[in-house]
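# Geometric and topological summary
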Amino acid sequence: MNEDFPTENPIESLENEIPASAREFHLEMPLYKEIVITEANLEKVSGLLDFSDTIDTYCIYCDKESVFETNDIAGSGVPKLRVYTKYKTETYLTSSYICTRSSAHVYTSYFRIYGSTIQKVGQFPSVADLQIPQIQKYRKLLGNEEFKEFTRAIGLAAHGVGIGSFVYLRRIFEGLIEEAHSAASQNHESNEEEYRASRIEDRILLLKDLLPKFLVQHRSIYSILSKGIHELSEQKCLKYFNPIRVGIELILDEKIKELDRKEKEKKASETISKITGELKTNDAD
Ligand SMILES: [Zn+2]
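Quick look at the structure, then. Worth saying up front: this structure is predicted, and the values here are computed from it rather than measured.

What counts and what doesn't
Every residue gets a number counted from 1 within its own chain, in the order that chain's sequence is written. The predicted nature of this model means local features are confined to residues of pLDDT at least 70 and side-chain atom pairs, given and counted, to a pLDDT of 80 or more, with totals for whole chains, interfaces and linings taken over all residues. The basis for every side-chain value is the complete set of heavy atoms in the structure, and neither hydrogens nor water enter the calculation. Think of it this way: any DSSP run of H or I at least four residues long counts as a helix, any run of E at least two long counts as a strand, and we number them from the N terminus. Note on method: radius of gyration uses C-alpha positions; expected globular size equals 2.2 Å times residues raised to 0.38. Only protein chains enter the area calculation, which uses a 1.4 Å probe; residues under 20% of their type maximum are buried, those over 50% are exposed, and those in between are partly exposed. Contacts are residue-level and defined by heavy atoms, with any inter-residue pair within 4.5 Å sufficient. Water is absent from the atoms considered, so a metal site may look incomplete; donors are defined as N, O and S atoms within 2.8 Å of the metal, or 3.2 Å for Na, K and Ca. Only four donors with every angle between 85 and 135 degrees are called tetrahedral; only four or six donors with opposite donors over 155 degrees apart and all others between 65 and 115 are called square planar or octahedral, in that order; all others are irregular. Take the buried residues of types Ala, Val, Leu, Ile, Met, Phe, Trp, Tyr and Cys, join any two whose side-chain atoms come within 4.5 Å, and each joined set is a nonpolar core. In this description, the arc belongs to the directions extending from the helix axis to the C-beta atoms. Two rings belonging to Phe, Tyr or Trp (six-membered ring only in the last case) form a pair when the distance between their centres is within 6.5 Å. Interplanar angles under 30 degrees mark stacking, angles over 60 mark edge-to-face geometry, and anything in between is tilted. Salt-bridge detection follows one rule: a side-chain nitrogen of Lys or Arg within 4 Å of a carboxyl oxygen of Asp or Glu. For a helix, the expected span equals 1.5 Å multiplied by the number of residues minus one. To obtain the bend at a residue, axes are fitted to the seven residues ending there and to the seven starting there, and the angle between these axes is taken. For two strands to be treated as a pair, DSSP must find at least two bridges joining them.

## Observations regarding the overall build of the chain
Regarding its fold elements, the chain presents twelve helices and six strands. In terms of C-alpha radius of gyration, the chain reaches 25 Å, well past the compact-globule figure of 19 Å for 285 residues. If you line up the chain on its principal axes, its C-alpha atoms span 90 × 50 × 30 Å. Burial statistics for the chain: of 285 residues in total, 41% are counted as buried. Contacts in the chain between residues far apart in sequence, at least 24 positions, make up 62% of those at least 6 positions apart.

Structure follows, in structure tokens:
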């Protein structure tokens, strides 16, 4: 056992999750998230820092997916990383990834190593800059107010504010349920007394025919968001932010698909009625 590194215990390793890919590490991980470098993860952290292969990601300048390559890796290597962590000095490292379509399209991240802890302390373009263009497709569905709240959730999480980001995600989730509830009320399909007396997860079941299937199946998203707001730490909320955000996007994707289907159905039905009408007129002629 190397004495220079803290030993891992199961509780620490739960909080101390290492991003699964270089893309996540350099471009998607929120600022200030602390990773404790241990003997067990040293090689993995070094591999992420010095990742010199290509990264597939969205280019905000090309406005589409692109391939990024590096010419400026953070440059640590396992032996250097061992030295940085052994002595309690501050070390700053920079990584840059460049779009293969244009050398002017550069994504840069800055890392700080202090003792056995590494954090990303800067990034340009920001995590939010990279993610917001990808959620533009939800603007029409959510409306301006809720869309703004969604971008705020992403912006807060990108800057290490986990609990605050959960507040905005929960409002979007509640908005989806309220929309289904008001549709049910208009069609006189809801028992208001029963609805009001129910917990959110039971309300979702009452409205299940009007809500996206993914939302009904994963109604526990609401409890996770509420638990985050009331009980979880900033770090835990940040750790859960991306999976919950993806869950909400899947719900929105399902709604968009359903609206497209209804629109197509409406148009087809109008056209068929028109053709039937024309044929009837021809028959009468
Ligand atoms: Zn580009």
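Past the structure itself, the notes keep going.
## Digging into the coordination of the zinc ion
Coordination sphere of the zinc ion, protein contribution only: Cys59 (SG), Cys62 (SG), Cys99 (SG) and His105 (ND1), at 2.2 to 2.4 Å. Coordination at the zinc ion is tetrahedral: its four donor atoms span angles of 102 to 120° at the metal. Every donor residue of the zinc ion comes from the same chain, spaced as C-x2-C-x36-C-x5-H. Just as Cys99 is buried, His105 falls in that class too.

## Some thoughts on the nonpolar core
Phe150, Leu169 and Phe173 are the most contacted members of the largest nonpolar core, which has 36 residues in total. Broken down by secondary-structure element, the contributors of at least two residues to this core are helix 5 (127-135), helix 6 (139-158), helix 7 (162-186), helix 10 (213-217), helix 11 (220-230) and helix 12 (234-284). Ignoring sequence-local partners within four residues, the contact set of Phe150 consists of Ile135, Tyr138, Leu142, Leu169, Ile172, Arg245, Glu249 and Leu252.

## Here we look at helix 11
All of the buried residues in helix 11 are Ile221, Tyr222, Leu225, Ser226 and Gly228. Buried residues in helix 11, looked at end-on, bunch into an arc of 155°, giving them a common side.

## Some thoughts on the packing of aromatic side chains
By the definition in use, this model includes four aromatic pairs. Arranged with centres 4.8 Å apart and planes meeting at 5°, the rings of Phe25 and Phe111 form a pair that is stacked. Of this pair, Phe25 sits in helix 2 (residues 22-28) while Phe111 sits in strand 5 (residues 106-114), and the two are 86 residues apart along the sequence. Note on accessibility: Phe25 and Phe111 belong to one class, buried.

## Describing the pattern of salt bridges
For the coordinates displayed, the defined rule picks out 14 salt bridges. Across the pair Arg170 and Glu174 runs a salt bridge, and its minimum N-O distance is 3.6 Å. In this pair, Arg170 and Glu174 are both assigned in helix 7, four residues apart and thus about one turn of the helix distant. Overlapping salt bridges bring together Glu258, Arg261 and Glu265 as one network.

## Comments concerning the side chain of Ser198
By the secondary structure assignment, Ser198 is in the loop between helix 8 (192-197) and helix 9 (200-206). The buried category is assigned to Ser198, whose relative accessible area is 17%. Apart from the residues within four sequence positions on either side, Ser198 is in contact with Arg203 and Leu206.

## Things to note about helix 6
Here helix 6 contains 20 residues, and its C-alpha end-to-end distance of 20 Å is more than 12% below the 28 Å for a straight helix at 1.5 Å per residue. The sharpest bend along helix 6 comes to roughly 90°, located at Glu145. Along helix 6, the residues that are buried comprise Leu142, Phe147, Glu149, Phe150, Thr151, Ala153, Ile154, Gly155, Ala157 and Ala158. Where helix 6 is buried, its residues meet helix 5, helix 7 and helix 12. The first or second residue beyond helix 6 is Gly160, which carries a positive phi of 85°.

## Quick word on the pairing of strand 6 (residues 117-124)
Strand direction decides the pairing type here: strand 1 (residues 34-36) and strand 6, joined by three bridges, are antiparallel. Bridge pairing in strand 6 places Glu34 opposite Gln119. As judged from the seven bridges shared by strand 5 and strand 6, these two strands associate in the antiparallel manner. Bridge pairing links Ser109 to Gln123 in strand 6. Taking the residues between adjacent antiparallel strands as the criterion, strand 5 and strand 6 are bridged by two residues, where Gly115 takes a positive phi near 60°.

## Here's the deal with the pairing of strand 4 (residues 90-99)
For strand 4, the buried fraction is high: seven of the ten residues fall into the buried class. The sheet contact formed by strand 4 and strand 5 spans nine bridges and is antiparallel. Following the sheet pairing, Tyr92 is matched in strand 5 by Arg112. The turn joining strand 4 and strand 5, which pair antiparallel and follow one another in sequence, is formed by six residues.

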